[in-house]
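The primary structure of each chain is shown beneath.
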Amino acid sequence: MKVLLLKDAKDDDSGQDPYIQELGLYGLEATLIPVLSFEFLSLPSLSEKLSHPEGFGGLIFTSPRAVEAVKLSLEQDNKTEEWEKSLKNKWNAKSVYVVGNATACLVNKIGLDAEGAHSGNAEKLAEYICSRPSSALPLLFPCGTIKGDTLPKMLKDKGIPMESMHVYQTVPHPGIQGNLESFYENQFVAIGPSTTRAMAAKGLPVSCTAESPTPQALAAGIRKVLQPNTCC
């Protein structure tokens, strides 16, 4: 069976996208079509905030793109050396919360220690943050312009201060129309609740939602769809 995944390809240590690899174990032939591109925003302002860790209680990353924005902001502002010498250590003295292993990996690559990667999505990360000792200082949350409200609301309800900052925006991939025209599938499995809501808003059918944004969870969701009389 062929499966269409609307996402960018990302190679792991084996040189193959982990979703293609995982689905292949179950006889599923996956095709990846990128549907989104990203534009970075407010990088000078982000660099300025990163230069003053004393003003924050920690960091929150819910997407790899936000980590890329941090790295790019430091490079463009010629602060990479300062980051390596002192800034990253000052941030590591605080909590750095992340969603998912992919984001955690990128956070580690810029020299930060990540926690909460096991949470899987923003809601579960918010629960994890709320279970930890909190600071009177706000958590810095670099994010996209279409971030969900779940995490900010949950932290606000618990009295945990947070400063959100839009550092990238999502735009349609320029090649999406041609790519989709050459490959159409009328049954979709969404990776996580945010993707499900976005697809539903566009009138696209969702057969099942993966419990977390991992190849294993997606494969499990597809197997449930393929099993008669089984509901996700």
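Because the structure is a prediction, the values reported are computed rather than measured. (Residues numbered from 1 in each chain as written. Predicted model: local features only at pLDDT ≥ 70, side-chain atom pairs only at ≥ 80, totals over all residues. Heavy atoms only, no water.)

## Some thoughts on the overall build of the protein
Counting its secondary structure elements, the protein contains 10 helices and nine strands. In the protein, which comprises 232 residues, the proportion classed as buried is 39%. Partitioning the contacts of the protein with sequence separation of at least 6, the portion at a separation of at least 24 is 66%. Roughly 12,500 Å² of accessible area belongs to the protein as shown, and the carbon and sulfur atoms make up 51% of that amount. (Helix = DSSP H or I, 4+ residues; strand = E, 2+ residues; numbered from the N terminus. Buried < 20%, exposed > 50% of the residue type's maximum accessible area, 1.4 Å probe, protein only. Contact = heavy atoms within 4.5 Å. Areas by Shrake-Rupley, 256 points an atom, 1.4 Å probe, with all protein chains shown as cover.)

## Side note on the packing of aromatic side chains
Per the stated rule, a full pass over the model turns up three aromatic pairs. Pairing Phe38 with Tyr168 gives two aromatic rings, centres 5.6 Å apart and planes at 75°, and the pair type is edge-to-face. Of the two residues, Phe38 is situated in strand S3 (residues 36-40) and Tyr168 in strand S7 (residues 162-172); the sequence distance between them amounts to 130 residues. Residue class for Tyr168 comes out buried when judged on its relative accessible area of 10%. (Phe/Tyr/Trp six-rings, centres within 6.5 Å; stacked < 30°, edge-to-face > 60°.)

## Some remarks on the pattern of salt bridges
For the coordinates displayed, the defined rule picks out 10 salt bridges. A salt bridge links Lys85 to Glu81, with the shortest nitrogen-to-oxygen separation between them at 2.9 Å. Residue Lys85 and its partner Glu81 are located together in helix H4 (residues 80-92), separated by four residues, close to a single helical turn. Glu81 shares its class with Lys85; the two are exposed. (Salt bridge = Lys/Arg side-chain N within 4 Å of Asp/Glu carboxyl O.)

## Some thoughts on the sheet that holds S3
The strand order across the open sheet formed by five strands is S3-S7-S6-S4-S5, and the pairing between neighbours is mixed. Two strands bound the open sheet, and with one partner strand each, they are S3 and strand S5 (95-98). Adjacent strand axes in the sheet meet at a mean angle of 25°, parallel and antiparallel pairs treated alike. As paired elements, S3 and S7 share five bridges and run antiparallel to each other. What sits directly across from Phe40, in S7, is Tyr168. Here helix H2 (residues 43-50) sits on the sheet in contact with S3, strand S4 (58-61), strand S6 (139-144) and S7, set at roughly 150° to S7. (Pairing = 2+ DSSP bridges. Axes fitted to C-alpha atoms, helices over the stretch in contact; angles between N-to-C directions.)

## Overview of unusual backbone geometry
Residues other than glycine seldom take positive phi values, yet Ser42 does so here, at roughly 50°. Examined against the element boundaries, Ser42 turns out to sit in the loop between S3 and H2. Phi at Asn78 takes a positive value of approximately 55°, unusual for a residue other than glycine. The residue Asn78 is located in the loop between helix H3 (64-76) and H4 in this model.

## Description of the nonpolar core
Side chains that are nonpolar tend, in soluble globular proteins, to be buried together. Judged by nonpolar contacts, the single largest core of 25 residues is most densely connected at Leu46, Leu50, Leu59, Phe61, Trp91 and Leu112. Of all elements in the fold, only H2, S4, H3, H4, S5, helix H5 (101-109) and S7 reach the threshold of two or more residues within this core. Of all the elements, H3 adds the most residues to this core, at five residues. Ile60, Leu139, Leu151 and Ile160 belong to the second-largest nonpolar core, a separate cluster that totals 13 residues. (Core = buried A, V, L, I, M, F, W, Y, C linked by side-chain atoms within 4.5 Å.)

## Points about H3
Between its first and last C-alpha atoms H3 spans 18 Å; for 13 residues at 1.5 Å apiece the expected length is 18 Å, and the two agree. Residue Asn78 follows H3 closely and has a positive phi angle near 55°. (Expected span 1.5 Å × (residues − 1).)

## What to know about the packing of H2 against H3
Each pair of packed helices can be summarised by the angle the axes make with each other and by the distance between the axes. Put simply, H2 and H3 touch, their axes get as near as 8 Å, and they point 90° apart. It follows that H2 is roughly perpendicular to H3 by the angle criterion. Every residue of H3 that contacts H2 at Leu43, Leu46, Ser47 and Leu50 is listed here: Ala69, Val70, Leu72, Ser73, Leu74 and Gln76. Looking at the contact of H2 with H3 residue by residue, the classes come out as seven nonpolar, three polar and no charged. (Parallel < 35°, antiparallel > 145°, perpendicular 65-115°, else oblique. Nonpolar A, V, L, I, M, F, W, Y, C, P; charged D, E, K, R; others polar.)

## A look at the environment of Ile222
You can see Ile222 is positioned in helix H10 (residues 215-226). Its relative accessible area of 5% is what places Ile222 among the buried residues. In this structure the C-alpha to C-alpha distance between Ile222 and Ala210, which are 12 residues apart in sequence, comes to 8.4 Å.

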